[in-house]
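Residue-level structure breakdown
What follows is the residue order along each chain.
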Amino acid sequence: MRLILLGPPGAGKGTQAKMLDEKFRRPQVSTGNILRKSIQNGTELGNRAKIFMNAGKLVPDDVVIGLIKERIVEEDCQAGFILDGFPRTIVQAERLTETLDEMCLSIDVVVDFEVESEELVSRLTGRSTCLDCGAMFHRTSCPPLKVGVCDSCKGELCQREDDKEDTIKKRLEVYEHETAPLKEYYRKQGNLKTVQGSGTVEEIFSRVCAMVS
Ligand code: AMP
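Residue numbering note: each chain is counted from 1, following its sequence as written. Given that this is a predicted model, residues contribute local features only at a pLDDT of at least 70 and side-chain atom pairs are listed and counted only at 80 or more, while totals for whole chains, interfaces and linings are drawn from all residues. Note: side-chain values were computed over all heavy atoms of the structure, leaving out hydrogens and water.

**Observations concerning the site of the ligand**
The immediate surroundings of the ligand are formed by 16 residues, with Thr31, Arg36, Lys57, Gly85 and Gln92 found nearest. Throughout this description, a polar contact denotes any pair of N or O atoms lying within 3.5 Å of each other; where both atoms belong to protein, one of them has to be capable of donating a hydrogen while the other can accept it, and for residues adjacent in sequence the pair is counted only when both atoms sit in side chains. Between the ligand and the protein, one listed contact pairs an oxygen atom with a side-chain N or O atom of Arg88 at 3.0 Å. Measuring from a nitrogen atom of the ligand, one finds a side-chain N or O atom of Gln92 at 2.9 Å. Here the accessible surface of atoms and residues is derived via Shrake-Rupley with a 1.4 Å probe, and residues count as covered only by protein chains that are part of the display. Here the ligand has 480 Å² of accessible area as a free molecule, and 96% of this is covered by the chains. Split into classes, the residues belonging to the shell around the ligand amount to 6 nonpolar, 4 polar and 6 charged. Put simply, a residue is near a molecule or strand once any heavy atom of it comes within 4 Å of that molecule or strand. Under this grouping Gly is polar, as are all residues other than the nonpolar Ala, Val, Leu, Ile, Met, Phe, Trp, Tyr, Cys and Pro and the charged Asp, Glu, Lys and Arg.

Given below as structure tokens:
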């Protein structure tokens, strides 16, 4: 199973990727999580990426393509993976297709999450994220058991710098210009499936499972 989860920020890709990872035992590969870990560890890559991320911009293609190429050849990705937040530009999608071709592999399904933009903004502004495992919570729809503490790993919950209102607007614009064209790219490849991304997490998950299994 090789999947791509496509959709705007706040569409629920990360939550669904984690649930798919648990159910199908295929790793969630999130470029956002990899970059945030690098920032936390104070690496050169992290310091470079942080400037783009905090401004709501995309990290340059060569950086994220390099990260993905290294990640998908690891042992745990051999039976498949769930790409969450990659690709985000046509160049990234083309490089991914080439890389998989060289490995005689391909993407099975691209799941495109559709959510109204007002709902996206409300999800993102109320969201808190675990600094350690990347789990996400929401002030009203999915609060943690203890304020500020991750239910899964007891890590610290924070509002992401890029989940602040001005940055969210920028990220949604970037999505429309840079990432939305990928729908056409994958439609032409014949593996795009659109899922209605509103409803409960469980409802959305059962729709996604019906598409991918
Ligand atoms: P995410 O956690 O997927 O919402 O990503 C958070 C931020 O990380 C994005 O707003 C970008 O700045 C950066 N990022 C994550 N994935 C990519 C990607 N594939 N290409 C470029 N930038 C990315």
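**Examining the pattern of salt bridges**
Salt bridges are defined by distance alone: a side-chain nitrogen of Lys or Arg within 4 Å of a carboxyl oxygen of Asp or Glu. Under the criterion given, the structure shown has 10 salt bridges. As a salt-bridge pair, Glu74 and Arg71 come within 3.3 Å of each other at their nearest N and O atoms. Salt-bridge contacts for Asp162 lead to Arg160; the nearest nitrogen and oxygen are separated by 2.9 Å. Arg160 carries the same exposure label as Asp162, and that label is buried. One connected set of salt bridges, linked through shared partners, spans Arg127, Arg160, Asp162, Asp163 and Arg171. Note on classification: 1.4 Å probe, protein chains only; a residue is buried when its accessible area is under 20% of the maximum for its type, exposed when over 50%, partly exposed between these limits.

**Brief notes about unusual backbone geometry**
Negative phi characterises most residues that are not glycine, and trans characterises most peptide bonds. The amide bond that connects Phe86 to the next residue, Pro87, takes the cis arrangement and shows omega of 0°. Helix numbering and strand numbering both begin at the N terminus, where a helix is a DSSP run of H or I of at least 4 residues and a strand a DSSP run of E of at least 2. Its location among the elements puts Pro87 in the loop between β3 (81–84) and α5 (90–102). One non-glycine residue, Cys104, lies in positive phi territory at about 60°. A positive phi is found at Lys154, a non-glycine position, where the angle reads about 70°. Relative to the assigned elements, Lys154 resides in the loop between β6 (136–138) and β7 (157–158). In this structure Lys154 comes out as exposed when scored by relative accessible area, which is 60%.

**Examining the environment of Ala11**
You can see Ala11 is positioned in the loop between β1 (2–6) and α1 (13–24). Residue classification places Ala11 among the buried positions, given a relative accessible area of 2%. The spacing of Ala11 and Lys69 is 58 residues in sequence and 25 Å in space, taken between C-alpha atoms. When checking whether two residues touch, look at their non-hydrogen atoms; a contact exists if any pair is within 4.5 Å. In this view, Ala11 contacts Phe113, Val115, Leu120, Arg123 and Gly197; residues no more than four positions away in its chain are not counted.

**Some words on helix α2 (residues 31–40)**
Every buried residue of α2 is accounted for by Thr31, Gly32, Leu35 and Ser38. Viewed end-on, α2 has its buried residues packed into an arc of 125°, placing them on one side of the element. As for α2, its buried residues are in contact with β2 (28–30), α3 (44–54), α4 (61–71) and β3. This arc corresponds to the set of directions leading from the helix axis out to the C-beta atoms.

**Describing the sheet that holds strand β4 (residues 109–114)**
One requirement defines pairing of two strands: DSSP has to find at least two bridges between them. Taken in spatial order, the 5 strands of this open sheet run β2-β3-β1-β4-β8, and their pairing is parallel. Whereas interior strands pair on both sides, the edge strands pair on one side only; in this sheet they are β2 and β8 (192–196). Taken pair by pair, the neighbouring strands of this sheet meet at an average axis angle of 25°, ignoring direction. By the bridge criterion, 3 bridges tie β2 to β3 in an arrangement that is parallel. The residue bridging Val29 from the neighbouring strand is Leu83, located in β3. Between the N-to-C directions of two axes lies an angle of 0 to 180 degrees, each axis being a line fitted to C-alpha atoms and, for a helix, fitted only over the stretch in contact.

**Topic: the sheet that holds strand β5 (residues 127–130)**
The sheet built from 3 strands is open, its strands ordered β6-β5-β7 with antiparallel pairing. Of all strands in the sheet, those with a lone pairing partner are β6 and β7, marking the two edges.

**Some remarks on the pairing of β4**
Within β4, 5 of the 6 residues are buried, which leaves the element mostly enclosed by the surrounding structure. Pairing analysis gives 4 bridges linking β1 to β4, with the strands arranged parallel. What sits directly across from Leu5, in β4, is Val111. Pairing between β4 and β8: 5 bridges, direction parallel. For Asp112, the partnering residue across the bridge sits in β8 and is Thr194.

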